[in-house]
Structures are given as C-alpha cells and as structure tokens.
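# Analysis of the macromolecular model
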Amino acid sequence: MSRVAVKRRILRVKAAARTPKIDSLAAEEPLEIRLDGTPLTVTMRTPGDDFDLAAGFLVSEGAVGAADDIATIRYCAGATVDGGNTYNVLDVRLAPGVTPPAPRNFYTTSSCGVCGKASLEAVRTVARWSAADDPVELRQTTVASLPDRLRAAQRVFDRTGGLHAAGLFTADGEPLCVREDVGRHNAVDKLLGWALRNGRLPLRGTVLMVSGRASFELVQKAVMGGIPVLAAVSAPSSLAVELAAEEGLTLIGFLRGDSMNVYAGERRLNITPGAGNGSAVARPPG
C-alpha cells in the first residue's frame, strides 16, 4: 500500500550554506473510482482512507445518503501490466435501486473538486437534508479554538508541511474525525465517507473546519452532508457565500485567533463579550 509521505534527497540552501538532506514530501497519486465496473472519476489524492474518499464523493454527488446505499467497495487487482495491485483503482457497487450520479467529465485535480460541471445549475445538487433547519448554536470561544485543534490533529502535515486538513467537530469543539489530503475537497470527501460508512449522516450539530479557503465546492459538500457550519482559516469566494446564504449554512472565514468574519448564518454564533475573561454569553441582536 502506498505511503502518505515519500522521502526524497534535496539540497537545503540558507544564506551561504548548502546542505544535502532527506526531506519528507506529501504523497500524491491518482485514484480511479469505478462504478459497477465502469470508470467514473480520476482524482489526485494522498493515499489513505480511499474507501471513505469514494463514499464521500458519492455523497457529494447526491447519489448516496446511507451506508446501505453502497453494496461493496474494493480495490481492483490487475491494475498493472504484470497483474499487480497499485491500490489506485477502486470499484464501488451500489445497492439495487440506487441511482448512479449523472455522467460528466469526472477528472479532478487535487485543487479542484467541481471541474467538468456543465453549469452552475448542475452544481447546485439537491440536498437530502436542510442545513437551515439545524438549530445548533456555537460559542465564539469554541469556534476560535478550532484552528488549533485541527492543527494538533494533522499528523502528516508535521512531517511534510504539504497537506490540507478537514475536521468534523461537535458544537462543544470536540473532534469527531480529521482527514488530510493534498486536495482540500478530497479531505472533506473523506470525512463525508467516514460519516456515511459509520451511519452518522446527516451531520447535525457539527462544524466542518478546513485549513484553507472556503470555496463553493466545500460549501456544497457541507450542505450535502447536512453540516450546518463551515469555518475556514482563509477567505470564502463570492459564490460560496451566496450558496451558504441560500442554503442556511453558517459560513465563517479568516478564523484566526479570536478574530473571524461571519459571512452567512450569524444567528448560530453566540458572541462572548470580553472573550476569555469568563463573561456570560450574549446573543447578537436580530
């Protein structure tokens, strides 16, 4: 099985010093997902949690919503000339009566999870659950703690410095699951797949914390998983904010220390005056 990190010899240059050393790189390999034997998508990913990735991809596409919608997931042998297994090809068998996702250009890179969608309307997949109906409320101090909690769980990032992370947290800030990948959308799909395969969909009362920006595709994936809150350390796109507002999702960006921007769904955030001094929680007006 492929490793998540690869050793390479490099030359370290600092000022006038030149030092040969061995560095750890985040692994990136293609994963082909087949549906009932027919190629569906090829995505560049960090090997590991591949079954979750495949299942989460199908959740994101609106094809499945429960563990029993998938009959089997298995690696395909004979993927190489000599008949060996690269562990880079998966075959997913859907349960009888489950409709496969509509065909499209499913090649995705590690930086883009919605390439090949014919139009914006096609991306707005009808969700099985409503994020707007989730009554969860979050303390400002809890939200502010999430980047550090996510970072503390990034085991491979410590070795490579080259992976995105996505984490699911309870409303009290307790981690449920954390996944890393070279692709931010893959990391989120791995979380959704974990939730599907463990019977936890919809993810009511949870927060999705991501290490990068909040793109349209990540908002869509949160909505498809029934997640009511998405927080990111960087900026959202205009389309991400638009979709979050339409779907009733709370979207937080630039989450750094005790500072954050709430772009949609501010009703869920409890503001703590003088955060950190034990003051009582107060709801924002409106």
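Residues numbered from 1 in each chain as written. Predicted model: local features only at pLDDT ≥ 70, side-chain atom pairs only at ≥ 80, totals over all residues. Heavy atoms only, no water.

## Considering the pairing of strand β9 (residues 164-170)
- Counting buried positions over the seven residues of β9 gives five, a clear majority of the element.
- With six bridges connecting them, β9 and strand β10 (residues 175-181) associate as antiparallel partners. Residue pairing for β10: alanine 165 is matched across the bridge by glutamate 180.
- Where β9 folds back on β10, the antiparallel hairpin that results is connected by four residues, among which glycine 173 adopts a positive phi of roughly 90 degrees.
- Here five bridges tie β9 to strand β11 (residues 206-210), and the two strands are oriented antiparallel to one another. Across the sheet, the residue bridging to glycine 167 is methionine 209, located in β11. (Buried < 20%, exposed > 50% of the residue type's maximum accessible area, 1.4 Å probe, protein only. Helix = DSSP H or I, 4+ residues; strand = E, 2+ residues; numbered from the N terminus. Pairing = 2+ DSSP bridges.)

## Concerning the nonpolar core
- Leu58 and Leu251 are the most contacted members of the largest nonpolar core, which totals 50 residues.
- Element by element, the count of residues in this core is highest for helix α5 (residues 184-197), at seven residues.
- Not counting residues up to four positions away in its chain, the partners in contact with leucine 251 are Ala214, Val219, Leu230, Pro236, Ala240, Val241, Ala244, Asn261, Val262, Tyr263 and Ala264.
- One finds Leu138, Val143, Val207 and Val229 within the second-largest nonpolar core, a separate group that totals 17 residues. (Core = buried A, V, L, I, M, F, W, Y, C linked by side-chain atoms within 4.5 Å. Contact = heavy atoms within 4.5 Å.)

## Examining the side chain of aspartate 50
- Tracing the chain through its elements places aspartate 50 in helix α1 (residues 50-60).
- At 2.9 Å, the side chain of aspartate 50 forms a polar contact with the side chain of tyrosine 75. (Polar contact = N/O pair within 3.5 Å; in protein donor to acceptor, adjacent residues only side chain to side chain.)

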